[in-house]
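# A look at the structure
Residues per chain, in single letters:
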Amino acid sequence: MRRGLIAALLLALLGTALGETRMMVVTDIHYMAPSLYADSGLFLRALRAGDGKYTQQSDALMEALCAAVRAESPDALIVTGDLSFNGERASHEALAGYFARIEAAGVPVWVLPGNHDINVTAARGFRGEEWYATDPVTPAQFSAIYADFMRPAEGANLSYTAEVSDALWVPMVDAAFYEGGAQSFGVFLSAHREWLESVTARAGARTLVTASHHNLLAQTEFARDTFVMLGSDALLQFDRDHGVRLHLSGHIHAQHIAEAGGVTDAATGAFCTWPHRYALVTLSDDGALTYAARVLEGDQLPEGFLEESRAWTEAIHRDKIAAYLEGIPERDDMADYAARFNLAYFAGTYRPDDPAWREDAAYALWRSHADNPFWQYLGMVMEEPAGDNLRRVLPAG
Ligand SMILES: [Fe+2]
């Protein structure tokens, strides 16, 4: 009797677990093989002048991602593009080694290329104070390197369907444009639409979540041109027509969520930049979809890593902003404030309804320099409507 009860309870628990699909999502890894820059001061200076990527710690980050995948134990890891720093073949090959380890631990990996992955003619390696051209990859070479982490192309470019579980499929929309050389923009073509229609027919009653590198919706006013894929209206219409509630993207490097006409585009923050985000998407057995952004835990990283990573990116923001404030006596305070804001904004934790930002003395200083070109950006994004950029629950339709 007692044994029967325990068995029934176990079955009930197992039933719940089996009815749920959990995916980890990561984007903009921008992995750089250490063999391409070992001990190069030039490379570090180029990074320091860049946009805040912590690429010099690519391997520590990938080790931490492997640990996070083991801890989360999802049904799949979805990677929405910008796998490599800037298209280097050696970076792709080394990164595929990490994905092989994740698959060996029992978690299928599904990848998409971004705008920094295929036919990047500016792929470079660094040695000391010199840089040199290094091999990029063609679409065929990309497919060969990641053959275990993609399906053969079904539609336009390298688009294919990630059959994550019996309940959930993810059409991986390759809208990157790399014919004749990588471009930063993406394009959704009629061929993508035709392919997606055929996926829908095969998927039957399964839940679909679409994914691409470029954004489906404008996440913010400053991230419209080259961030939202051209032809996005057709993908939005497809999603609406077929009850697709959630789209996954990256590319803007900020953690941000937008919604239009019942479709949510969740742009996961770049993994290569503090706070090193990933996301967990859960399809519950009642049909609800939950998107939740997460960060790497400190115990998955070397001691002090997150503090150093944050300081690295904050200093890059501060120096860039200070360049807009030449000759202003309060330059340091204003640059410190705006750098702190940028970190919070890209981490997806800035809330316009948090009074602390406007009570800060540096806010009044910025407002008194309303003609400053950096304020054109800062003033605009600070006024964005309040919204949760970390988590959304999308009930069954
Ligand atoms: Fe990127």
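Model, not experiment: these values are computed from the prediction.

## Section: helix 4 (residues 89–104)
- Compared with the 22 Å implied by 1.5 Å per residue over 16 residues, the 23 Å span of helix 4 between its first and last C-alpha is a close match.
- Turning to helix 4, its buried residues number three or more, namely Arg89, Ser91, His92, Ala94, Leu95, Tyr98, Phe99 and Ile102.
- Check the buried side of helix 4 and you find it contacts helix 3 (58–72), strand 2 (76–80), strand 3 (109–112) and helix 5 (139–145).
- Remark: glycine 106 follows helix 4 within two positions and exhibits a positive phi of approximately 100°.

## Side note on the sheet that holds strand 1 (residues 21–26)
- The strand order across the open sheet formed by 6 strands is 3-2-1-13-14-15, and the pairing between neighbours is mixed. Taken across any chain shown, the strands that pair with only one partner, and hence form the sheet edges, are strand 3 and strand 15 (391–394). The average angle at which neighbouring strand axes cross in this sheet is 20°, direction not considered.
- As paired strands, strand 13 (residues 277–283) and strand 14 (residues 289–295) are joined by 7 bridges and run antiparallel to one another. From the neighbouring strand, valine 281 faces strand 14, where its bridge partner is tyrosine 291.
- Each of strand 1, strand 2 and strand 13 touches helix 3; the most contacted strand, strand 1, lies at about 165° to it.

## Side note on the pairing of strand 6 (residues 160–163)
- Note that strand 6 and strand 7 (residues 168–173) share 4 bridges and pair antiparallel. Each bridged residue has a counterpart across the sheet, and for tyrosine 160 the counterpart in strand 7 is methionine 172.
- Hairpin connection of strand 6 to strand 7: 4 residues between the antiparallel strands.

## Here's the deal with unusual backbone geometry
- Backbone torsion omega between tryptophan 274 and proline 275 reads 10°, so that peptide bond is classified as cis.
- Here proline 275 is to be found in the loop between strand 12 (263–267) and strand 13.
- Backbone geometry at aspartate 39 places phi at a positive 60°, although glycine is not the residue there.

## Looking at the pairing of strand 13
- Counting buried positions along strand 13 yields 5 of 7 residues, so the element is predominantly enclosed.
- The hairpin turn running from strand 13 into strand 14, its antiparallel successor, is 5 residues long, and glycine 287 in that turn takes a positive phi close to 90°.

## Structural notes on the domain arrangement of the protein
- Partitioning the protein into structural domains gives domain 1 (18–299) and domain 2 (305–382).
- Centre-to-centre separation of domain 1 and domain 2, based on C-alpha positions: 29 Å.
- Listed per partner, the contact involves 18 residues of domain 1 and 15 residues of domain 2.
- Grouping the amino acids of the side of domain 1 that touches domain 2 by side-chain chemistry returns 7 nonpolar, 9 polar and 2 charged.

Cut-offs and rules
- Residues numbered from 1 in each chain as written.
- Predicted model: local features only at pLDDT ≥ 70, side-chain atom pairs only at ≥ 80, totals over all residues.
- Helix = DSSP H or I, 4+ residues; strand = E, 2+ residues; numbered from the N terminus.
- Expected span 1.5 Å × (residues − 1).
- Buried ≥ 20, exposed ≤ 12 C-beta atoms within 10 Å, placed from the backbone.
- Contact = placed C-beta atoms within 7 Å.
- Pairing = 2+ DSSP bridges.
- Axes fitted to C-alpha atoms, helices over the stretch in contact; angles between N-to-C directions.
- Domains from an automatic or database assignment.
- Nonpolar A, V, L, I, M, F, W, Y, C, P; charged D, E, K, R; others polar.

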